[in-house]
Amino acid sequence: MAPIPGSGLAKGLAVTLRTMTKKTVTEQYPDTQPDLPPRTRGVIGLFEENCTVCMLCARECPDWCIYIDSHKETVPAAAPGGRERSRNVLDRFAIDFSLCMYCGICIEVCPFDALFWSPEFEYAETDIHELTHERDKLREWMWTVPAPPALDPAAEEPKEIAAARKTAEKLAATQAAQAAEAAEAAQAAQAGEATRAGESVEPTQAAAVTEATHPKPTQAPPAEPAESAQPNPAEATHPKPVVDPADPTEGQS
């Protein structure tokens with residue numbers, strides 16, 4: 001269906017009429033701060049701990065308003081026999097906001113999330129040279145960066161979060177298995193000690209039961225030896241006469 005001639009003009013005039021009929025509201029700035037959207041492109045904040053001096057932001061900037069200086073340091077080997085490595089150390093990171101056109105390309109191309117948009121916009125200067133802000137100032141704006149928006153509940157879990165969660169679950173399972181093995185080993189050691197203690201106590205208990213059920217017979221004290229018959233000296237010198245029972249005269253004197 002072909003559009004009606006003049007429909008675009010009518011729509012434009014309708015928008016103009018709606019705007020003209022609205023009540024005019026005057027922002028009482030700077031006494032009252034404006035209510036800005038959360039993702040306002042106010043200024044760029046730097047999180048220098050994530051910066052690896054890859055220079056992507058400076059190379060992709062259409063206005064060439066990002067200045068980066070760095071130097072290399074040698075990192076000693078992590079293990080004996082390993083080789084030394086070198087890494088870039090950030091010396092200067094500055095953005096000239098007198099040239100910046102707030103396109104956000106530097107933030108998009110940063111592979112390590114070192115640059116963020118901050119809603120701060122009150123950084124006007126009387127001298128154009130003071131609009132070149134160094135990394136200390138950029139870091140101060142980093143703390144005004146709003147939190148990222150919440151994810152869609154129906155969205156797929158990010159791969160990084162899924163990998164981190166699986167690693168954490170695997171580590172927790174390994175630690176739980178090690179703890180269970182240590183507990184089993186401790187229980188086995190306690191059981192072994194109890195068994196050895198029982199073996200040393202059982203003979204004593206068995207002897208006590210045997211003595212209780214079968215008491216030992218009481219031994220009589222040893223009898224005193226009878227006095228040995230010692231010969232009488234009188235009898236030895238004067239023996240008694242032998243009496244013959246058949247002789248009636250024997251024993252009469």
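## Some remarks on the overall build of the protein
Check the secondary structure of the protein and you find six helices and five strands. Starting at the N terminus and ending at the C terminus, the protein contains elements arranged as α-β-α-β-β-α-β-β-α-α-α. Classification of the 253 residues of the protein by burial places 15% in the buried group. Here the analysis covers contacts within the protein between residues at least 6 apart in sequence; of these, 71% occur between residues at least 24 apart. Summed over all atoms, the accessible surface of the protein reaches about 20,600 Å², with 58% contributed by carbon and sulfur.

## Here we look at the sheet that holds strand E2 (residues 66–75)
One open sheet holds the three strands; their spatial order is E2-E3-E5, and the pairing between them is antiparallel. One side of each edge strand has no neighbouring strand; the edge strands of this open sheet are E2 and strand E5 (132–133). Sheet analysis places strand E3 (residues 85–96) next to E5, joined by two bridges and oriented antiparallel. Counted as the bridge partner of Ile95 is His133 from E5. Where helix H4 (residues 135–142) meets the sheet, its contacts fall on E3 and E5, and the angle it forms with E3 comes to roughly 85°.

## A few points about the packing of aromatic side chains
What the rule picks out here adds up to six aromatic pairs. Measuring from centroid to centroid gives 6.1 Å for Phe97 and Trp141, while their planes differ by 90°, and the two rings are edge-to-face. Of the two residues, Phe97 sits in the loop between E3 and helix H3 (105–109) while Trp141 sits in helix H4, which places them 44 residues apart along the sequence. This pair shows no difference in class: Phe97 is buried, exactly as Trp141 is. Joined through ring pairs, the aromatic side chains of Phe97, Tyr102, Trp117, Tyr123 and Trp141 make up one cluster.

## Topic: the confidence of the model for the protein
In regions of low pLDDT, the predicted coordinates are not meant to be interpreted in detail. Averaged over the protein, the pLDDT score is 81; the fraction of residues at 70 or greater is 77%. Highest mean pLDDT in the protein belongs to H3 (95); lowest belongs to helix H6 (residues 233–237) (49).

Cut-offs and rules
- Residues numbered from 1 in each chain as written.
- Predicted model: local features only at pLDDT ≥ 70, side-chain atom pairs only at ≥ 80, totals over all residues.
- Heavy atoms only, no water.
- Helix = DSSP H or I, 4+ residues; strand = E, 2+ residues; numbered from the N terminus.
- Buried < 20%, exposed > 50% of the residue type's maximum accessible area, 1.4 Å probe, protein only.
- Contact = heavy atoms within 4.5 Å.
- Areas by Shrake-Rupley, 256 points an atom, 1.4 Å probe, with all protein chains shown as cover.
- Pairing = 2+ DSSP bridges.
- Axes fitted to C-alpha atoms, helices over the stretch in contact; angles between N-to-C directions.
- Phe/Tyr/Trp six-rings, centres within 6.5 Å; stacked < 30°, edge-to-face > 60°.
- pLDDT = per-residue confidence, 0-100.

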